[in-house]
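Now for the letters of each chain:
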Amino acid sequence: PVALTLIAAREPLLPAKLSGPGARPSVAAELEPGMRAYAIGVNDISGVGGHALPGDRVDVVMMRNMTPEGPHKVLTSQLVGQNGRVLGVDLNADPTSTKAEKPSTTTLEVSVKDAQKLAIAAELGSLSLALRPLGASDTEPVAEVASAAPRARGQARRARGAAEGSRNILRP
């Protein structure tokens, strides 16, 4: 059995507070105080080839096409989340799992503010995960990266303006 709610020391164990036999803890039980579970859509490439498993730490990168209607693409890449703990991949929330699979969703533990940033970023562009080394918990300011600017001046100005707007939205 698994506890379904918090149980204080010396509190009686009532059947309503415990799951049935063979149950596993829910993802909600795994969340640290003040954190939220946030799922993002991934594929075998954006989900680090299926190698991100429950318990791993990842960064979230957003790629955005700043000139969707122009003849020359200007792509930007921005780090929108750092050091998020993977809670589950698809429906697998088992931290003892070692099986790499083709994921379609990855659920991360994030702050409320990071959940808001990820929601905006998912609408603005495509999200990818970057697997962090085991034990790495450092976060650092990272500048936005952009592809070469288009040749026409008007397009370059519009692309820069759009990129600056996205930086303001996703700024911490």
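Residues numbered from 1 in each chain as written. Predicted model: local features only at pLDDT ≥ 70, side-chain atom pairs only at ≥ 80, totals over all residues. Heavy atoms only, no water.

Here's the deal with the overall build of the chain
Alright, step 1. When helices and strands are counted, the chain shows 3 helices and 6 strands.
Alright, step 2. Put simply, 68% of the contacts in the chain that link residues at least 6 apart link residues at least 24 apart. (Helix = DSSP H or I, 4+ residues; strand = E, 2+ residues; numbered from the N terminus. Contact = heavy atoms within 4.5 Å.)

Considering the environment of D56
Alright, step 1. You can see D56 is positioned in the loop between β1 (35-41) and β2 (57-65).
Alright, step 2. Distance in space between the C-alpha atoms of D56 and L108 is 9.7 Å, their sequence separation being 52 residues.
Alright, step 3. Excluding residues that lie within four positions of it along the chain, D56 makes contacts with H51, G84, R85, V86 and L131.

With respect to the side chain of R85
Alright, step 1. Mapped onto the elements, R85 comes out in strand β3 (residues 75-89).
Alright, step 2. A polar atom in the side chain of R85 sits 2.8 Å from the backbone oxygen of E30.
Alright, step 3. Those residues in contact with R85 that lie beyond four places of it in its chain are E30, L31, E32, G55, D56, R57, T107, L108 and E109. (Polar contact = N/O pair within 3.5 Å; in protein donor to acceptor, adjacent residues only side chain to side chain.)

Quick notes on the pairing of β3
Alright, step 1. Counting buried positions along β3 yields 11 of 15 residues, so the element is predominantly enclosed.
Alright, step 2. Summarising the sheet, β2 and β3 pair through 8 bridges and their orientation is antiparallel. When the bridges of β3 are listed, N65 appears paired with L75.
Alright, step 3. Of the pairings in the sheet, the one linking β3 to strand β6 (residues 145-146) comprises 2 bridges and is antiparallel in character. Looking at the pairing, S77 lines up with V145 of β6.
Alright, step 4. Where β3 and strand β4 (residues 105-111) come together, 4 bridges link them in antiparallel fashion. Across the sheet, G88 pairs through a bridge with T107, a residue of β4. (Buried < 20%, exposed > 50% of the residue type's maximum accessible area, 1.4 Å probe, protein only. Pairing = 2+ DSSP bridges.)

Side note on the nonpolar core
Alright, step 1. Counting 17 residues, the largest nonpolar core has I40, V60, V80, L108, L118, L127 and L129 as the members making the most contacts within it.
Alright, step 2. Secondary structure elements with two or more residues in this core: β1, β2, β3, β4, α2 (112-124) and β5 (126-131). (Core = buried A, V, L, I, M, F, W, Y, C linked by side-chain atoms within 4.5 Å.)

Structural notes on the pattern of salt bridges
Alright, step 1. Within this structure, the stated rule accounts for 4 salt bridges.
Alright, step 2. Across the pair E11 and K17 runs a salt bridge whose closest N-O atoms are separated by 2.3 Å.
Alright, step 3. The residue D114 makes a salt bridge to K117 at a minimum N-O spacing of 3.9 Å. Within this pair, D114 and its partner K117 are both found in helix α2, separated by 3 residues, close to a single helical turn. (Salt bridge = Lys/Arg side-chain N within 4 Å of Asp/Glu carboxyl O.)

Topic: unusual backbone geometry
In most cases, non-glycine residues show a negative phi, while peptide bonds are predominantly trans.
Alright, step 1. The backbone of R10 shows a phi angle near 65°, a positive value even though the residue is not glycine.
Alright, step 2. Along the chain, the position of R10 falls in the segment before α1 (27-30).
Alright, step 3. For V48, which is not a glycine, the phi torsion comes out positive at approximately 50°.
Alright, step 4. Following the sequence through the fold, V48 ends up in the loop between β1 and β2.

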